[in-house]
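Listed below, chain by chain, are the residues.
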Amino acid sequence: MDVFEPSLRHRKIPSNRALPDLATSNSNCKANQLLESNKTECFGATNLDAGANRPLSSSTTLTVTNTEKKSCSSSFYDIIKAMNSFTRIGDESGDSNPNKGDAEKSDSKTEAQSGKEFSSIEEISTHYKTKSMERDKDCISNQVNSQNATNIQTPRAYYPSLLVFSVTSLLLRLHNIETPAHICWDETHFGKMGSWYINRTFFFDVHPPLGKMLIGLAGYLTGYDGSFSFAKPGDEYGDTPYMGMRVFCAILGAALVPMTFQIIWQFTSSILPAIFAASFVLFDVGTNTLSRYILLDPILMFFILAATYCKLRVLNLRKCWWFWLTATGVSLAGAMGVKFVGLFVVLLVGVLTARDLNMLLSDLTLAMNHLIKHLIARIICLITVPFICYLLFFHIHFKVLNHSGSGDGFFSSAFQSQLIGNKLYNVSMPENVAFGSIITLKQRRIGGAYLHSHPHLYPEDHPPRQQQVTTYSHKDDNNLWKVKPADQDVDSSETVTLLKSGDLVRLEHVMTQRNLHSHREPAPLSKRHYQVSGYGVKGTGDANDIWLVEVAGATPGSLVQTVRSRIRFVHYYVRCALFSHEKKLPKWGWEQLEATCTTNIRDPRAQWSVEEVHDNRLPNVSFDLYSPSFLEKFLESHAVMSQGNSGLKPKEGEITSRPWQWPINYRGQIFSGKEHRIYLLGNPVLFWSALVLKALFFVCYLIHTIRKKRGSKIDPTLLEYNDRMFRTAWWLLLAWGLHYLPFWFMSRVLYFHHYFPAFLFSAMFCGVMLDYVVRQVCLLVPDGLHVPFLYSCMISFMGLIVYSFYLFHPLAYGMQGNPPSAEGGMMEGLHWLESWDF
């Protein structure tokens, strides 16, 4: 059976088969049974209807007939025989085919009746048609029983290998995990966010919340109280119980190895490629490094592989597929809930599901009610369940983070009104704005910040040197502005005049007493926009301080409302609108966002809202009327995260990388630069082997395709193996490409660690290709040397992988003493590329 053939169905044999096909039908039935049996003996395939027709002896030596030996070439048969220690365990107590005796009796009875005389052609036709149907029925029954027997069989080496890989992976990930006892790289971000979950303090991050919630939960359950600041890399942990969070990530990272093993087993039903693939992941120093620290990467990779494994179980099982289909949906939600790049595994599962449904639709023997059941199951488990789980993650996120924090300013005023401790929480303030009111202005675009100023001036290369005006995401007193009429000051004793659309105003910065100002000088970064600055002394300036207030969608004379009104401030003389975008000013502007005046007055990003109003002369109303629903908060969070992701740019002096560098292991990342130095780098032997194996795959596939097209004589068993191997390799290449190629089209800042989900599928591909190479090379050696050569290849490959890990393991576990690549350093002689900066 194809690894992707849908479960819960089998072929029906038409009852009206023509008479000339009877002999062919009977012979094909026996031939199919023999071929399927050979498939299991040669490849140990789980999903082939095979292996149950003949029990395996306790010594795992196959008993084959001369006919079976002819179906495999003698050389290939010797190789398979040498692999019997990795073959399935059968029912050693007797024949595993319960219908075999009946089939033999039927055959004997048929032979006994072969001499029977018939009176007419019709009688002969009826007799053989009946016997043909009985044989077809027996054949199907044998195949189904064989399939069920095969599904419960496992190879002798399966569980020992799985146990060895699981334990070794856990030991390598947990070894010396307490060192270094200081913050390493992005632990400063995700450890801090875990602390905020424990303290229930709201924050903003460009990733969905699940990964940080799990880190915070791990810390909470292991005694961490959320008090450590996680200020910057290199800060010592001291007495902080940080180990629980590291161990949690390490356990999920350790699970990648046995999951890789089982995924390749599900693809190939063969132990050798599963061992090779798991070894690639186990002995890669980069994967090991990412698994040992408080990061999102091991959590993300865990859910990616979990979704892949569960989906393959759905495709390969006849029973319990509802459970595995639901588990696939939950895993997809988990991957998306950690990082948005979890979308790539959603695409992979979507392609597999489309292939599955296509085979279901093309099976004309499948009843319509079964087809509908499969379709509904996939809609529920792969669409509805992930969506509900994803919503649940955000519901928990909003419930836990209910106190005001550093991320408030990235969200709308209505959103902030739900946060305990925020100035807008449970507050009452004026519903309208009047001349003389002190206000804060927030840009209406997603992720928009507050209009801000400070005493610092623009540098000399941006004349005239007036006071800087920017936008800033955090709340402070430098965001306060006083609304004044264009031609006079405000006298508090005068009658209160409410602000209306069409009024001319001046906005005085409360802290510096300079007016919001613009002129026909280019903005610092956006040269087609005009500069916005602070000008004047104690509120006195010039005519370039005057702005026209326009309320979008309202008639002139409409009152300006707090939060609700979408306001444009149009410069009275220059005819440009107050504007801001995501461009960050250099260090002289404190990396705040640039504020400009754009001539495109109708740009929707040139709209602002009044968030806070301070005016004792006006009556207050409760802010509860602005409270958003859960769905509104959910959508706003995604809009802010999406904009935050696209706005991530490299900082000055920061070491980044591009996607073309990742597969060649061109440059790593510094995790710790103190005395205990950690450097994220892939195992170069494994990374470069993957490049060679990918190139070799295309050559081999081209040769294989040409030979098939030209009708070259190929042993049927070898042909079946090659087809299955190439099919598996193409699926793994697809998975690798889906997790790697999209990064080529991203404009955001990228780092080497973004490649490692794709590397997992590259490692699986390499395991399959190594298995293919070993078997093909073994066919070339003289007779009698197949077995020694096979085991020599296996030992050599494994020895090379282990030794390469030994050479580069200090990158993951820490380099001390002399500079690593210098004479006497721990990595002396291993600085193979100049771009490696360890």
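Everything quoted here is computed from the prediction, not taken from an experiment.

Asks: Looking at this structure, I do not really get the packing of aromatic side chains. What am I missing?
Replies: Each aromatic ring pair is described using two quantities: the centre-to-centre distance and the angle formed by the ring planes. Inspection of every chain in the model, using the stated rule, returns 66 aromatic pairs. Ring geometry for Tyr-572 against Tyr-573: centres 5.1 Å apart, planes inclined by 85°, an arrangement best described as edge-to-face. Members of the aromatic cluster, each reached through a chain of ring pairs, are Phe-344, Trp-662, Phe-687, Trp-736, Tyr-740, Phe-743, Trp-744, Phe-752, Tyr-755, Phe-756 and Phe-759. Seen from the ring of Tyr-450, Lys-442 lies directly overhead, with NZ or CZ sitting 4.6 Å from the centre. The aromatic ring of Trp-736 is capped on one face by Lys-694, whose charged end is 4.7 Å from the ring centroid.

Asks: Help me out: how do you make sense of the pairing of strand β12 (residues 593-598) in this one?
Replies: Remember that side chains alternate between the two faces of the sheet whenever the strand is regular. Taking burial as the measure, the six residues of β12 include six buried ones, the bulk of the element. On β12, burial covers both faces: Leu-593, Ala-595 and Cys-597 on one face and Glu-594, Thr-596 and Thr-598 on the other are all buried. Bridge analysis of strand β4 (residues 467-472) against β12 gives two bridges, and the strand direction is antiparallel. Across the sheet, the residue bridging to Thr-470 is Glu-594, located in β12. Sheet analysis places strand β8 (residues 530-535) next to β12, joined by two bridges and oriented antiparallel. Bridging from a neighbouring strand, Tyr-530 pairs with Cys-597 of β12. Across five bridges, the pairing between strand β11 (residues 577-584) and β12 is antiparallel. Residue Ser-580 lies in a different strand from β12, and its bridge partner there is Ala-595.

Asks: Is there a simple way to think about helix α10 (residues 256-268) in this case?
Replies: Working note: α-helix, 3.6 residues per turn, so residues spaced by three or four point in the same direction. Counted at 1.5 Å a residue, the expected span for α10 with its 13 residues is 18 Å, and the 18 Å between its end C-alpha atoms agrees. Here α10 lies mainly inside the structure; 13 of its 13 residues are buried. Two residues or fewer past α10, Ser-269 is found with a positive phi of approximately 55°.

Asks: Just to check I follow, could you spell out the pattern of salt bridges for this structure?
Replies: When their charged atoms lie close together, side chains carrying opposite charge are able to pair. Counted according to the given criterion, the structure contains 16 salt bridges. In this structure, Glu-187 engages Arg-246 in a salt bridge whose closest nitrogen and oxygen atoms are separated by 2.9 Å. Placement of the pair is Glu-187 in helix α7 (residues 187-199) and Arg-246 in helix α9 (residues 243-254), with a sequence separation of 59 residues. Overall, the relative accessible area of 0% leaves Glu-187 in the buried class. Here Asp-603 ties to Arg-605 by a salt bridge, and the two come within 3.2 Å at their closest N and O atoms. A cluster of three or more residues bridged by salt bridges with shared partners is formed by Lys-475, Glu-611 and Glu-612.

Asks: Even after reading the chapter, I still don't get the environment of Ala-327, so can you show me in this structure?
Replies: Turning to its location among the elements, Ala-327 is positioned in helix α14 (residues 321-338). For Ala-327, a relative accessible area of 17% gives the class buried. For the pair Ala-327 and Lys-311, spaced 16 residues apart in the sequence, the C-alpha separation amounts to 8.3 Å.

Rules used throughout
- Residues numbered from 1 in each chain as written.
- Predicted model: local features only at pLDDT ≥ 70, side-chain atom pairs only at ≥ 80, totals over all residues.
- Heavy atoms only, no water.
- Phe/Tyr/Trp six-rings, centres within 6.5 Å; stacked < 30°, edge-to-face > 60°.
- Lys NZ or Arg CZ within 6 Å of the ring centre and 35° of its normal.
- Buried < 20%, exposed > 50% of the residue type's maximum accessible area, 1.4 Å probe, protein only.
- Helix = DSSP H or I, 4+ residues; strand = E, 2+ residues; numbered from the N terminus.
- Pairing = 2+ DSSP bridges.
- Expected span 1.5 Å × (residues − 1).
- Salt bridge = Lys/Arg side-chain N within 4 Å of Asp/Glu carboxyl O.

Keep in mind these numbers describe shape, not what the thing actually does.
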